[in-house]
Amino acid sequence: MNILLMPPLAAILAAAVVLVCGPFFIPQLHKLKFGQSIRAEGPQSHQKKTGTPTMGGIIIVLGIVAATVFCTHMDMDIILALFIMLGYFVIGFIDDYIKVVLKRNLGLRAWQKLLGQIIIAVAVTYIGIYNDILSTKLWLPFLDVEINLHLFYYVLVLLVLVGTTNAVNLTDGLDGLASGTVAIAAFFYGLICLYFNKFDLAIFCFSCMGALLGFLRFNINPAKIFMGDTGSLALGGILAAVAILTHTELLLIIIGGIFVIEALSVIIQVLSYRYRHGKRVFLMSPIHHHFELKGWPETTVVRRFWIAEGIFGILALMILLLE
């Protein structure tokens with residue numbers, strides 16, 4: 001089979017797995033009472049979503065793994081990418097399980113999450129460098145030069161993983177928002193992987209896109225299921241993994257522009273509240289809630305964020321092609 005047909009085939013296979021599993025999985029979550037708790041300080045319009053099944057990330061990851069294993073050669077790039085995705089999937093699953101099943105609202109403690117992330121980052125960096133998959137050099141866009149970070153590369157990998165996973169987690173606040181924006185980012189990263197002749201990694205990206213398009217069937221407003229931390233942390237891990245394995249860590253800031261904006265809105269809000277005597281920059285953060293409180297319908301916010309993410313993806317491609 002033509003190798004260029006494999007990415008779309010992987011997308012179709014991943015979407016099919018999610019679409020088949022969804023109608024069986026969602027009723028089981030209802031029976032188990034794995035419902036989402038909506039925070040009281042959030043927009044009041046969201047209170048009606050209380051009890052919607054969560055942990056939908058399970059079927060997303062199932063679709064991605066099935067398509068990736070079936071369509072790739074399972075080289076070291078793919079093994080590392082799957083290791084990162086599944087590592088964050090486990091962290092997210094434990095966090096969701098504690099909150100949803102054990103009814104402890106805080107989930108994992110911050111230090112427990114950070115410890116897991118450090119272990120994943122160190123393991124991936126060591127294995128990658130040992131097998132000549134990763135180097136300790138950082139590519140600088142626009143300047144088209146590389147600088148050797150030596151041991152600080154371990155710190156960079158940790159920052160990319162932690163920053164990306166938490167940014168995607170913050171974006172997962174509206175029906176279909178994280179699913180759609182990550183699907184768009186995965187599509188553009190798939191094209192970038194094809195540009196670098198990393199075909200298996202491109203298949204991995206298209207598997208992610210396909211699984212999320214399938215998941216949107218159940219996650220679009222009004223959502224029948226949420227992905228939970230189980231899904232958002234795994235998806236953030238996917239984007240971070242591909243950025244690391246294509247040596248485009250700084251380009252991720254642009255291709256994941258929506259996630260950067262979401263994370264910055266929270267940081268700005270916290271700093272403003274703390275150092276400006278309780279004053280807020282936004283009506284509510286993350287910024288998608290600000291637009292909701294400004295009167296935008298939830299579906300309008302989601303569609304416009306999808307469009308913005310598409311623009312960021314095109315901009316990232318242009319930067320790459322013009323180097």
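First, a word on scope: everything that follows refers to the structure included in this document. Since the model is a prediction, treat every value here as computed from it, not as a measurement.

## Some details on the packing of aromatic side chains
1) Next: One pass over the full model with this rule turns up eight aromatic pairs.
2) Next: For the pair Phe187 and Phe206, a centre-to-centre distance of 5.9 Å together with 80° between the ring planes defines the contact as edge-to-face. You can see Phe187 sitting in helix H6 (residues 177-195) and its partner Phe206 sitting in helix H7 (residues 199-219), a full 19 residues away along the chain.
3) Next: For Phe206, a relative accessible area of 9% corresponds to the buried category.
4) Next: Consider the rings of Tyr195 and Phe196, whose centres lie 5.3 Å apart with planes at 75°: the pair is edge-to-face.
5) Next: With a relative accessible area of 44%, Tyr195 lands in the partly exposed category.
6) Next: One aromatic cluster is present, formed by Phe89, Phe93 and Tyr97 through successive ring pairs.
7) Next: When the ring centre of Trp296 is taken as origin, the NZ or CZ atom of Arg304, which lies over that ring, is 4.5 Å away.

## Quick word on the side chain of Thr181
1) Next: Within the secondary structure, Thr181 is located in helix H6.
2) Next: Within the structure, Thr181 has its side chain in polar contact with the backbone oxygen of Ala178 (distance 3.3 Å).
3) Next: Residues within four places of Thr181 in sequence aside, it is in contact with Thr171, Ile258, Phe259, Phe305, Trp306 and Glu309.

## Observations regarding the nonpolar core
1) Next: Counting residues in each nonpolar core, the largest one holds 95 residues, and the members touching the most others are Ile64, Leu161, Phe204 and Leu235.
2) Next: Examining the composition of this core, we find that 12 residues originate from one element, H7, more than from any other.
3) Next: If sequence neighbours within four positions are ignored, Leu161 has contacts with Ile84, Tyr88, Ile120, Ala121, Ala240 and Ile244.

## Concerning unusual backbone geometry
1) Next: Pro222 follows Asn221 through a cis peptide bond whose omega is -5°.
2) Next: That bond from Ser285 to Pro286 is cis: its omega, 0°, falls within 30 degrees of zero.
3) Next: If you trace the backbone, Pro286 turns up in the loop between helix H10 (257-275) and helix H11 (287-293).
4) Next: Backbone geometry at Met55 places phi at a positive 70°, although glycine is not the residue there.
5) Next: By secondary structure assignment, the location of Met55 is in the loop between helix H1 (6-32) and helix H2 (57-71).
6) Next: Judged by relative accessible area, Met55 falls into the buried class, the value being 1%.
7) Next: A positive phi angle, near 60°, is found at Asp132, a position not held by glycine.
8) Next: Here Asp132 shows up in the loop between helix H4 (110-130) and strand S1 (137-140).
9) Next: Judged by relative accessible area, Asp132 falls into the exposed class, the value being 70%.

## A look at a nonpolar patch on the surface
1) Next: A contiguous nonpolar surface patch, about 570 Å² in accessible area, is contributed by Leu264, Ile267, Ile268, Leu271, Tyr275 and Val281.
2) Next: Tracing the sequence through the fold places Leu271 in helix H10.
3) Next: By relative accessible area, which is 45% here, Leu271 ends up partly exposed.

## Here's the deal with the environment of Cys205
1) Next: Looking at the secondary structure, you find Cys205 in helix H7.
2) Next: Here Cys205 falls in the buried class, since its relative accessible area comes to 1%.
3) Next: Cys205 has contacts with Ala186, Tyr189, Gly190, Cys193 and Val242, leaving out every residue within four places of it along the chain.

## Focus on the pairing of S1
1) Next: Two strands pair when backbone bridges link them, and S1 and strand S2 (residues 145-148) are joined in this way by four bridges, in the antiparallel orientation. Residue pairing across strands places Lys137 opposite Asn148, the latter belonging to S2.
2) Next: Taken together, S1 and the strand that follows it, S2, pair antiparallel across an intervening segment of four residues, in which Phe142 is found at a positive phi of about 75°.

## Here we look at the packing of H2 against helix H8 (residues 228-245)
1) Next: Relative to each other, H2 and H8 sit at 35°, their axes nearing to 7 Å. The residues of H8 that touch H2, namely those facing Gly57, Ile58, Ile60, Val61 and Ile64, are Thr230, Gly231, Ala234, Leu235 and Ile238.
2) Next: Its residues assigned to classes, the contact of H2 with H8 shows seven nonpolar, three polar and no charged.

## As for the side chain of His290
1) Next: Within the secondary structure layout, His290 lies in helix H11.
2) Next: Taking the relative accessible area as the measure of exposure, His290 reaches 14% and is therefore buried.

## So, the packing of helix H3 (residues 76-101) against H8
1) Next: Their axes nearest at 7 Å, the elements H3 and H8 cross at an angle of 155°. As judged from the angle between their axes, H3 and H8 are roughly antiparallel. For H3 against H8, the interelement crossing comes out right-handed.
2) Next: Residue classes in the contact of H3 with H8 are distributed as 13 nonpolar, four polar and five charged.

Rules used throughout
- All residue numbers here refer to positions counted from 1 along the written sequence of the relevant chain.
- This being a predicted model, a pLDDT of at least 70 is required before a residue's local features are given, and a value of 80 or more before pairs of side-chain atoms are given or counted; all residues contribute to the totals for chains, interfaces and linings.
- As a rule here, side-chain values come from all non-hydrogen atoms in the structure, and water together with hydrogens is ignored.
- Classification of ring pairs uses Phe, Tyr and Trp, with its six-membered ring standing for Trp, and accepts pairs whose centres are within 6.5 Å; under 30 degrees between planes counts as stacked, over 60 as edge-to-face, and the remaining range as tilted.
- Each helix is a run of H or I in the DSSP string that is no shorter than four residues. Each strand is a run of E no shorter than two, and both are numbered from the N terminus.
- For each residue, the accessible area found with a 1.4 Å probe, counting protein chains only, is set against the maximum for its type, and the residue is called buried under 20%, exposed over 50%, and partly exposed in between.
- Should the NZ of a Lys or the CZ of an Arg lie within 6 Å of a ring centre and within 35 degrees of the ring normal, that charge is described as sitting over the ring.
- In the analysis that follows, any N or O atom pair within 3.5 Å is treated as a polar contact, provided that within protein one partner can donate a hydrogen and the other can accept it, and provided that, for residues neighboring in sequence, both atoms belong to side chains.
- Any two residues whose heavy atoms approach within 4.5 Å at even a single point are treated as in contact.
- In plain words, nonpolar cores are sets of buried Ala, Val, Leu, Ile, Met, Phe, Trp, Tyr and Cys residues tied together by side-chain atoms within 4.5 Å.
- Patch criteria: residues need more than 30% relative accessible area and no salt bridge. Like-charged residues are merged within 9 Å; nonpolar side chains of Val, Leu, Ile, Met, Phe, Trp and Tyr are merged within 5 Å.
- In this description, accessible areas are obtained by the Shrake-Rupley approach with a 1.4 Å probe, and a residue is regarded as covered only by the protein chains that are shown.
- Put simply, a salt bridge is a Lys or Arg side-chain nitrogen that is within 4 Å of an Asp or Glu carboxyl oxygen.
- Strands are treated as partners if at least two bridges between them are detected by DSSP.
- Axes here refer to lines fitted to C-alpha atoms; in helices the fit is confined to the stretch in contact. Angles between the N-to-C directions go from 0 to 180 degrees.
- Charged residues are taken to be Asp, Glu, Lys and Arg, nonpolar residues to be Ala, Val, Leu, Ile, Met, Phe, Trp, Tyr, Cys and Pro, and polar residues to be all remaining types, Gly included.
- For classification, angles of less than 35 degrees are called roughly parallel, those exceeding 145 degrees roughly antiparallel, those between 65 and 115 degrees roughly perpendicular, and all remaining angles oblique.
- By convention, the crossing between two helices is left-handed when the near helix turns anticlockwise from the far helix through less than a right angle, and right-handed when the turn is clockwise.

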